[in-house]
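Report on the structure
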Amino acid sequence: MKHLYLVFFLGFTFLAASQNVPKGKLTGQLIEANTSNPIPFSSIRIQTADPVKLISGAIANEKGEFIIEVNQGVYDVIIESVGYEAQTLKQVQVSKTTALGQIQIKVSTQTLDEVTVKGQKASMELALDKRIFNVGTDAANKGATAAEILGNLPSVQVSGEGGVSLRGSENVRILIDGKPSTLVGINGSSGLQSLQGNLIDKVEIITNPSARYEAEGMAGIINIVLKKNQNQGFNGAIESTLGYPENFGGTAIINYRKNKLNFFLNYGLFYRRTPGQGKLYQEVYVGDQTNYLQQTSQNNVTGLVNNIRGGADYFFNDKTILTGSYIFRSTHVRRITDFNYLDYLKTLSKVYSDTYRQQDEKETEPNAEYALTFKKSFVKKGKEFTADLRYLDYWEQSDQIYTQTSKFGDGTPFTANSLVQKALNDEYERQWILQADYVNPLGKDGKLETGLRTSFRDMINDYVVTQQQANGTFAVIPGLQNLFEYKENISAAYLILGNKKNKFSYQIGLRGEITDIQTELKQTQEKNPRNYANLFPSAHFTYTMNTNSSVQLGYSRRVRRPTYNELSPFVTFSDNRNFFSGNPNLNPEFTNSFDLGHLKYFDAGSLSSSIYYRYTTGKIDQIRTVDAQGFARSLPENFADQQSMGVELTSSFNVSKNYKADLSFNGFRAKIDASNINSAYLVDTYSWFIRHTSRIKLGGGVDAQVRANYEAPQETAQGTRGYIAWMDLSATKDIMQGKGTLSVNVLDVFNSRIMRTETLGETFYTNRQMQGRLRQINITFNYRLNTTKQAAKQRRSMMDEDN
């Protein structure tokens, strides 16, 4: 299939270059009918009327502007954009230069689900500075969580523990609707496993952000945009999911708008059971003796999650909007994990001890978010002011009991190794964020952007681990009780200047951030203040070779501050042989990122390619140590530096009317220098990821999808990360005269999505495999409100035209 892509791409390029006939130029700008705001990244197609034949096409830029070169003649112009009504301009005469001016596009009267439910229409929109994935079009996402949806996107990997990586780096900033949110979670990206995918509209991946974005996130930014409607009248959709292992849930997305007031409400409720398993083999070298550990684990996680997002928009006029919104999520989790440890001394032929340990954890996570946003557009086109105030309130309580029994190899009780322990862990986060942004056009194509942002964040981690004594009482284990306080204040300002001259455009920006972080361990009175001010320049240069081909060179400086979990010294105690904790002495890491990208549109598809280079100082990564008794500890440390360089390709191709194929590939080299920790930790490694998706129309209104993924092995500072391969299948069909859609998917068909790692040290060797989620089967039913038979027919017609 890869060779087929290449043949088609080269063929189209040759044909386009070989034609020598009079050319015309068609220009215009797409704006929203009610607000006159530009509509970015819309699809424009040029075709003949009789017979109907696609001639050319283009994607509008971020200002809604487009330029299309085509042979002079008379054509129909078809305009489509997600969330807006399709519009056809009949019999447009294209001469040497034809200007259509501003074209007003009406917001769709259908719900968002009606527009995007079929996987063929604009599932992926490519731009030089970002890629937009309309995840509602992917049948495999039905019944999935936000973490699982991200794992299905090009360049994104999600580990078994829920960690998110972009282009092989876990240092990525995840936003909700362009802002930090409690929905992401207090511990990195952990909250994404409790966010229902049915509530998500689209995902934006920005690999080289400009100065308007926070400097946080070395590899870039992933922005998750939630569904929201502003259409007049009552609109909505309801969706229910049934799956195995147990996955029961439903969502409702509704809005009601009358004149100047729009109310919106999203609600999701689901119960899910997630079984997983793992195994570990370890050798520990003590003098001339080798001791062995064979460990297995079986975990069963059940969770009940409520997600509520509601609010209102008030339109003072068509240029001034005030929005108030509220998000609440309540998560109740029960986690039971069974561990079995077989210990051997000197030889694997005889068991020294056999230990069983069970973790029984009850976790409660209520969190809330309040936001108030004001947006003012001025008479001068493109001039606007936005202010946003939000408050985040997060709380997590974990109550764990560990029961352990042990016996010697001959079956006699190992009393000293049989115990009962308890761990209590309360975490709190309060955060205020205030941000203001101003955009002012300069001349015809220039633009000046500036803004201010400040945030205040207070976090507390109160933990204690106790062990049952001979008399039945519980006593604190020495060193495992403390109160960790984290206070953070970040203030920022940025300035961006951009302009365009002929085919060349540029955007240069500078962001300054002042960071004040205070950490304190109350029990031991250990304080570790961090105060630093930094400048973060960015630059993007674009050259448009023609309407279907552009090149962009981008640069940005980024920072990755240690997360709260990486700083907190609380030790995870569930696995009695493998302990994880934070490091209060961590420093931030800084990255200089360069990216050269090319975007090419063909009549039947598109190809996005880029080469990138990143240089990081103070890279944060885990270092594993094992003592003579076989107890391991993983602790985050600052490495000296890391260099990453690679190539990325993303293609979307309509092979035929009934078959569409997407392919993404990322190959990279990483040079890791952790010699500041151990002189042997110097690594030069190569790896690659590939993902292929086929969407096929089977007839009878059934659309099928197959997605295959492969991640190649990769060396790490202490060993290797093994390969991962898995496949997903899905199918959808419209029912109930177009008002409903039935979806079926099988995730990880062959139960092969297994994380494999090898870790080596001077005194140990560890081989670990972990499968955080087993094969999942889901059936999802979606019913759209305020959908007429004619609207369904129009949606089907639009989808067929796109193919």
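Before reading on, note that the structure itself is shown above.
To start, this report covers the structure provided alongside it.

**As for the overall build of the protein**
In terms of helices and strands, the protein carries 5 helices and 44 strands. Counting every position in the protein, which comprises 803 residues, the buried fraction comes to 54%. A total of about 34,100 Å² of accessible surface is found on the protein, and carbon and sulfur atoms cover 57% of it.

**Describing the side chain of R577**
Tracing the sequence through the fold places R577 in the loop between helix 4 (564-567) and strand 29 (578-580). Classification of R577 as buried rests on a relative accessible area of 8%. Apart from the residues within four sequence positions on either side, R577 is in contact with L293, Q295, Y341, D343, T355, G630, F631 and A632.

**A short note on the nonpolar core**
Counting 24 residues, the largest nonpolar core has L150, I200 and V203 as its most contacted members. Elements represented by at least two residues in this core include exactly helix 3 (146-150), strand 10 (156-158), strand 11 (164-166), strand 12 (172-176), strand 13 (200-206) and strand 14 (220-226). Tallying contributions element by element places helix 3 first for this core, with 4 residues. Apart from residues lying up to four places away in sequence, V203 is in contact with R131, I132, F133, V135, L150, L153, I222, N223 and I224.

**Notes on unusual backbone geometry**
Looking along the chain, the bond that leaves Y244 and enters P245 is cis, with omega of -5°. Checked against the element boundaries, P245 lands in the loop between strand 15 (233-244) and strand 16 (247-258). One non-glycine residue with positive phi stands out, namely N502, at about 55°. Residue classification places N502 among the exposed residues on the basis of a relative accessible area of 68%. Even without glycine at this site, Q525 takes up a positive phi of about 55°. Considering the arrangement of structural elements, one finds Q525 in the loop between strand 25 (504-521) and strand 26 (526-527). Overall, the relative accessible area of 63% leaves Q525 in the exposed class.

**Here we look at the pairing of strand 22 (residues 419-442)**
Pairing analysis gives 21 bridges linking strand 21 (residues 384-408) to strand 22, with the strands arranged antiparallel. Bridge pairing in strand 22 places T403 opposite V420. Summarising the sheet, strand 22 and strand 23 (residues 446-468) pair through 22 bridges and their orientation is antiparallel. Opposite K422, over in strand 23, you have T466 as the bridge partner. Between the end of strand 22 and the start of strand 23, which pair antiparallel, lie 3 residues, with G443 showing a positive phi angle near 65°.

**Overview of the pattern of salt bridges**
Scanning the model with the defined rule gives 26 salt bridges in all. Taking the shortest distance from any N to any O, the salt bridge between D388 and R390 comes out at 2.8 Å. The pair D388 / R390 is uniform in exposure class, with both members buried. Between E485 and K522 there is a salt bridge, and its shortest N-O distance comes to 3.8 Å. Of the two residues, E485 is situated in strand 24 (residues 474-501) and K522 in the loop between strand 25 and strand 26; the sequence distance between them amounts to 37 residues. The class for E485 is buried, based on a relative accessible area of 19%. Ionic contacts of the salt-bridge type, sharing partners, join the residues E216, R511, E513 and R561 into one network.

**Section: the sheet that holds strand 7 (residues 97-105)**
Hydrogen bonds between backbone groups are what pair the strands of a sheet, and the pairing can be parallel or antiparallel. The 3 strands lie next to each other as 4-1-7, forming an open sheet whose pairing is mixed. Of all the strands in the sheet, just strand 4 (65-71) and strand 7 have a single pairing partner and so form its edges. Recorded for the sheet is a direction-independent mean angle of 20° between the axes of neighbouring strands. Bridge count between strand 1 (residues 23-32) and strand 7: 7 bridges; the pairing is parallel. Within strand 7, the position partnered with K25 by the bridge is T97.

**A word on the sheet that holds strand 29**
Spatially, the 3 strands line up as an open sheet ordered 29-33-32, and their pairing is mixed. Only two strands of the sheet have a single neighbouring strand rather than two, namely strand 29 and strand 32 (620-626). Averaged over all pairs of adjacent strands, the angle between their axes in this sheet comes to 30°, without regard to strand direction.

**Observations concerning the packing of aromatic side chains**
Enumeration according to the criterion identifies 23 aromatic pairs in this entry. Ring centres of Y370 and Y391 lie 6.2 Å apart, and the angle between their planes is 25°; this geometry places the pair in the stacked category. Of this pair, Y370 sits in strand 20 (residues 351-377) while Y391 sits in strand 21, and the two are 21 residues apart along the sequence. Site record: aromatic cluster; members linked through ring pairs are Y326, Y370, Y391 and W432. Above the ring of Y341, the side-chain terminus of R577 is found at 4.6 Å from the ring centroid.

Calculation rules
- Residues numbered from 1 in each chain as written.
- Predicted model: local features only at pLDDT ≥ 70, side-chain atom pairs only at ≥ 80, totals over all residues.
- Heavy atoms only, no water.
- Helix = DSSP H or I, 4+ residues; strand = E, 2+ residues; numbered from the N terminus.
- Buried < 20%, exposed > 50% of the residue type's maximum accessible area, 1.4 Å probe, protein only.
- Areas by Shrake-Rupley, 256 points an atom, 1.4 Å probe, with all protein chains shown as cover.
- Contact = heavy atoms within 4.5 Å.
- Core = buried A, V, L, I, M, F, W, Y, C linked by side-chain atoms within 4.5 Å.
- Pairing = 2+ DSSP bridges.
- Salt bridge = Lys/Arg side-chain N within 4 Å of Asp/Glu carboxyl O.
- Axes fitted to C-alpha atoms, helices over the stretch in contact; angles between N-to-C directions.
- Phe/Tyr/Trp six-rings, centres within 6.5 Å; stacked < 30°, edge-to-face > 60°.
- Lys NZ or Arg CZ within 6 Å of the ring centre and 35° of its normal.

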